[in-house]
Amino acid sequence: YRVAYEGIFNSLNLYWKCYGGLPALITSPYLHSALVITLTICWPAWWSSGGPWFDISCSILPNLLGFTLAGYAILMSLGSDKFIRIISGNFGDNKVSPFMEANGTFVHFIIIQVLALLLGLIGKMADIKQGLLALVGVFFLVYSIMLGVAAGLAILNIAEWRELFLDVEAEKSPDKPPPEVKL
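Report follows, based on the coordinates. Since we're looking at a predicted model, the values are computed, not measured.

1. Notes on the packing of helix H1 (residues 2-19) against helix H7 (residues 98-126)
- Running from N to C, H1 and H7 point in directions that differ by 115°, and their axes come no closer than 7 Å. Comparing their axes, H7 and H1 come out roughly perpendicular. The hand of the H1/H7 crossing is left-handed. Contact with H1, carried on its side by Leu12, Leu14, Tyr15, Cys18 and Tyr19, involves Met100, Glu101, Gly104, Val107, His108 and Ile111 of H7 and no other residues of that element.
- Of the residues belonging to the contact of H1 with H7, the class tally is 8 nonpolar, 2 polar and 1 charged.

Next comes the structure, spelled out in structure tokens:
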């Protein structure tokens, strides 16, 4: 069992490093926005017993998780091997590459969604409509929605890097036009 758990902990350590660790979490505008929205706009969902917050989590999060995995597939397909090599690798001073940073963003998005879904399921099974678990569950739900913006921006950043890469490649061979993209 030790080897299995060691692999999980190694993967979690890699994710945490790629995400940026505690400094990235504490300074995240998505975390701050989720906290403000949870405490101000969404307080009826966790303060009073009026609304079953867990039903919202259990209905929204599976679809959001599917969207995330599709976005992650798009991220992984944006580029040739040469492009991926350029944005990957060692960037000095023990910094993670832009490629691994984008991967860390998506893994963070996935982990927070899974935690939010688990909290929703626990809340639903235990019929906890208010209190601390409800507060934490609503916060994770809102945070996972806010992280959708972060994941979308990660894809946009990689797309911009890909465009710059194609521009540089086109400059190297001026008589060869860039590949045509059909929508």
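Still to come is the rest of the account.
2. Considerations on the packing of aromatic side chains
- Enumeration according to the criterion identifies 8 aromatic pairs in this entry.
- Pairwise contacts between aromatic rings join Tyr15, Trp16 and Tyr19 into one cluster.

3. Focus on the state of the cysteines
- Taken as a whole and assessed by the stated rule, the structure comprises 0 disulfides.
- Cysteine Cys58 is unpaired, with the sulfur of Cys42 as its nearest cysteine sulfur at 16 Å.
- With relative accessibility at 21%, the residue Cys58 sits in the partly exposed group.

4. Here we look at the side chain of Ser28
- On the secondary structure map, Ser28 appears in the loop between helix H2 (21-26) and helix H3 (29-40).
- Excluding anything up to four places from it in sequence, Ser28 contacts Tyr19 and Tyr143.

About the cut-offs
Throughout, residues of each chain are indexed from 1 in the direction in which the sequence is written. The predicted nature of this model means local features are confined to residues of pLDDT at least 70 and side-chain atom pairs, given and counted, to a pLDDT of 80 or more, with totals for whole chains, interfaces and linings taken over all residues. For side-chain calculations, the full set of non-hydrogen atoms in the structure is used, while hydrogens and water are omitted. Here the axes come from fitting lines to C-alpha atoms, over the contacting stretch only for helices, and the angles between their N-to-C directions go from 0 to 180 degrees. Secondary structure follows DSSP: runs of H or I at least 4 residues long count as helices, runs of E at least 2 residues long count as strands, and numbering of each begins at the N terminus. Comment on the angle field: the value is read as roughly parallel under 35 degrees, roughly antiparallel over 145, roughly perpendicular from 65 to 115, and oblique elsewhere. Should the near helix be turned counterclockwise from the far one by less than a right angle, the crossing is left-handed, whereas a clockwise turn marks it as right-handed. Here, residues are in contact when the closest pair of their heavy atoms is within 4.5 Å. For this scheme, ten residues count as nonpolar: Ala, Val, Leu, Ile, Met, Phe, Trp, Tyr, Cys and Pro. Four count as charged, namely Asp, Glu, Lys and Arg, and the remainder, Gly too, count as polar. Aromatic pairing here means that ring centres of Phe, Tyr or Trp (its six-membered ring) are within 6.5 Å. Orientation follows from the plane angle: under 30 degrees is stacked, over 60 is edge-to-face, and everything else is tilted. The disulfide criterion is simple: two cysteine sulfur atoms within 2.5 Å. The cut-offs for exposure are 20% and 50% of the maximum accessible area for each residue type, with area from a 1.4 Å probe on protein chains only; residues under the lower value are buried, those over the upper are exposed, and the others partly exposed.

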